[in-house]
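# Structural characterization, general
Residues per chain are reported as follows:
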Amino acid sequence: MFSLDWIYYAISWILLTWHSAWDAIGVPVGTVIGTNWAWILAIIFLVVTVRVILFPVFVKQIKSQRAMQALQPKVKELQEKHKGDRETLQKEMMELYRTEKANPLMGCLPMFLQIPVFLGLFHTLRRLNPDNGGKTLYGWTVDQFNSASSATLFSAPISGKFGSTADELARLGANAGTVKVVAGILVVIMIATTYLTSRQMILKTGWAEDPQQRMVQRLMLYGIPLSLLISGAIFPIGVIIYWVTNNLFTLGQQQWVLRKFPPPPTAKTGTGTGAKSAVQPAKTGGLFGRKAAPAPAKAPAAAPKVAGPKPGAKPTNPKKGSSRPAKRQG
């Protein structure tokens, strides 16, 4: 049977290394405002460590998404050509992706690669129970285990969860109301930031024409955040801290990448006359998008040309009014 112990050892080593680092630079080991900041920072920088390692994969994800956007006109042509023949359409699209070296599932790869980290942290925090006999498991010392098992965020243990039973909370020495409030607020933030990370990308790149890609986008935008309403109740507070931090890191990283490498122009314009654009342009310049540029002011009308005096004519005096009465002849 495949063992995940190597993941638990790796996660534990990263957590303990960062905790030792914060302790060495003077971050209090005890509680401040009901929080053991050295352990909270260790979880936050576990995210930083993982995201730095996965950054090359994220770059590949962006390149794959750009390739998919560039293929939208060809995808639309295939959909029109094989309308009603789903089997042929799928074969043609797979061949197109293979030829152009575009992978429609690449957008989910960074998330899939983080699943082992998430599971490792989930398992590690679940065993942080003062009554647990295996305190030295996965490279922990007894002192480190005791410190982590009593670590709190605003007086709620990081190994506690919204759905913790009264018996579990009693073993952790935690107040049920405090744990539910802290965990509930974190779950709401987790759901909101999960939704925003997907929405940010879709607003910039638009909805895909490929039904398979569009289904993946809908799953990322709506399915995963909704699933967290249920699964969030069983996540330890430390895991939710990891998830929220990861979402915030993703929001910042996506914003930087989308500014530095904007979607190609072909992804922002329609491919035919009167056709609906495959990807809506990003909204910029104000709360409701780019404002229409004011119409340029009309140039003042040119002054009428005045004929010059004829050669030999007596010059007129401009200071005298032109309405002077004619001189009466005697």
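### Quick word on helix 2 (residues 37-53)
- In this model, helix 2 (17 residues) spans 24 Å end to end at C-alpha, consistent with the 24 Å of a helix rising 1.5 Å per residue.
- Of all the residues in helix 2, the buried ones are Ala38, Trp39, Ile40, Ala42, Ile43, Leu46, Val47, Val50 and Arg51.
- Buried-residue contacts for helix 2 involve helix 1 (5-24), helix 3 (55-70), helix 6 (109-126), helix 7 (142-149), strand 1 (152-153) and helix 11 (237-260).

### Topic: the side chain of Ser159
- Relative to the helices and strands, Ser159 resides in the loop between strand 2 (156-157) and helix 8 (166-172).
- Beyond its immediate stretch of four places on either side in the chain, Ser159 contacts Leu125, Leu128, Ser149, Leu172 and Pro236.

### Considering a nonpolar patch on the surface
- Taken together, the side chains of Tyr222, Leu226, Leu229 and Ile230 make up a nonpolar region of the molecular surface, amounting to roughly 460 Å² of accessible area.
- Since its relative accessible area comes to 68%, Ile230 is described here as exposed.

### As for the packing of helix 1 against helix 6
- At a minimum axis distance of 9 Å, the contact between helix 1 and helix 6 shows a crossing angle of 75 degrees. Taken as axis vectors, helix 1 and helix 6 run roughly perpendicular relative to one another. On helix 6, the residues touching Ile7, Tyr8, Ile11, Ser12 and Leu15 of helix 1 are Pro116, Val117, Leu119, Gly120, Leu121, His123 and Thr124.
- Considered class by class, the residues forming the contact of helix 1 with helix 6 number eight nonpolar, four polar and no charged.

### Points about the environment of Thr152
- When you line up the elements, Thr152 lands in strand 1.
- C-alpha separation for the pair Thr152 and Ala174, spaced 22 residues apart in sequence, amounts to 9.4 Å.
- Residues contacting Thr152, with those up to four places away along its chain left out, are Thr31, Gly34, Thr35, Asn36, Ile40, Pro157 and Ile158.
- Here the side chain of Thr152 touches Gly34 through a polar contact of 2.8 Å, landing on its backbone oxygen.

### What about unusual backbone geometry?
- One non-glycine residue with positive phi stands out, namely Tyr138, at about 65 degrees.
- Tracing the backbone shows Tyr138 in the loop between helix 6 and helix 7.
- A relative accessible area of 8% means that Tyr138 is categorised as buried.
- A positive phi angle, near 50 degrees, is found at Phe154, a position not held by glycine.

### Some remarks on the packing of aromatic side chains
- A complete count under the given rule lists twelve aromatic pairs for this structure.
- Taking the centre distance of 6.0 Å and the plane angle of 25 degrees together, the rings of Trp18 and Trp22 count as stacked. Of this pair, Trp18 and Trp22 both sit in helix 1, four residues apart, roughly one helical turn.
- Residue classification places Trp18 among the partly exposed residues on the basis of a relative accessible area of 26%.
- The class for Trp22 is buried, based on a relative accessible area of 15%.
- Both rings, one in Trp39 and one in Trp140, keep their centres 5.8 Å apart while their planes meet at 15 degrees; by these two values the pair is stacked.

### Quick notes on the nonpolar core
- Of all hydrophobic cores here, the largest spans 48 residues; its most connected members are Leu46, Leu121, Trp140, Met190, Phe235, Ile237 and Tyr242.
- Secondary-structure elements contributing two or more residues to this core are helix 1, helix 2, helix 6, helix 7, helix 8, helix 9 (176-205) and helix 11.
- Dropping the residues within four chain positions of it, Leu46 is found in contact with Ile11, Ile14, Leu15, Trp18, Leu121 and Tyr242.
- Counting nine residues, the second-largest nonpolar core is a separate cluster that includes Met68, Leu89, Met93 and Ala102.

### Some thoughts on the pattern of salt bridges
- Enumeration according to the criterion identifies five salt bridges in this entry.
- Put simply, Lys91 and Glu87 hold a salt bridge, and the shortest N to O gap is 3.6 Å. Of this pair, Lys91 and Glu87 both sit in helix 5 (residues 86-100), four residues apart, which is roughly one turn of the helix. Comparing Lys91 with Glu87 shows no difference in burial state: the two are exposed.

### Some words on the confidence of the model for the protein chain
- Per-residue pLDDT for the protein chain has a mean of 79; in total, 76% of the residues score no lower than 70.
- The element-level mean pLDDT for the protein chain is lowest in helix 3, coming to 77, with strand 1 highest at 96.
- Here residues 266-296 scores under 50 on pLDDT; set against residues more than four positions off or in separate chains, the count is 28 contacts.
- Note on residues 319-323: pLDDT under 50 across the span, and zero contacts to partners over four residues away in sequence or across chains.

### Here we look at helix 1
- A rise of 1.5 Å per residue sets the reference length of helix 1, with its 20 residues, at 28 Å; its end C-alpha atoms lie 28 Å apart and thus fit the reference within 8%.
- Each element contacted by the buried residues of helix 1 is listed here: helix 2, helix 6 and helix 7.
- Within two residues after helix 1, Gly26 carries a phi angle of roughly 100 degrees, on the positive side.

### Considering the packing of helix 2 against helix 6
- Relative orientation of the contacting elements helix 2 and helix 6 amounts to 160 degrees, with a least axis distance of 11 Å. If you check the angle between helix 2 and helix 6, you find them roughly antiparallel. Helix 2 and helix 6 meet at a crossing whose hand is right-handed. For the pair formed by helix 2 and helix 6, the contact residues are Ile43, Leu46, Val50 and Arg51 on the first element and Gln114, Val117 and Leu121 on the second.
- The class makeup of the residues in the contact of helix 2 with helix 6 is five nonpolar, one polar and one charged.

Conventions used here
- Residues numbered from 1 in each chain as written.
- Predicted model: local features only at pLDDT ≥ 70, side-chain atom pairs only at ≥ 80, totals over all residues.
- Heavy atoms only, no water.
- Helix = DSSP H or I, 4+ residues; strand = E, 2+ residues; numbered from the N terminus.
- Expected span 1.5 Å × (residues − 1).
- Buried < 20%, exposed > 50% of the residue type's maximum accessible area, 1.4 Å probe, protein only.
- Contact = heavy atoms within 4.5 Å.
- Patch = residues over 30% accessible without salt bridge, like charges linked within 9 Å, V, L, I, M, F, W, Y side chains within 5 Å.
- Areas by Shrake-Rupley, 256 points an atom, 1.4 Å probe, with all protein chains shown as cover.
- Salt bridge = Lys/Arg side-chain N within 4 Å of Asp/Glu carboxyl O.
- Axes fitted to C-alpha atoms, helices over the stretch in contact; angles between N-to-C directions.
- Parallel < 35°, antiparallel > 145°, perpendicular 65-115°, else oblique.
- Nonpolar A, V, L, I, M, F, W, Y, C, P; charged D, E, K, R; others polar.
- Polar contact = N/O pair within 3.5 Å; in protein donor to acceptor, adjacent residues only side chain to side chain.
- Phe/Tyr/Trp six-rings, centres within 6.5 Å; stacked < 30°, edge-to-face > 60°.
- Core = buried A, V, L, I, M, F, W, Y, C linked by side-chain atoms within 4.5 Å.
- pLDDT = per-residue confidence, 0-100.
- Left-handed = near helix turned anticlockwise from the far one by under 90°.

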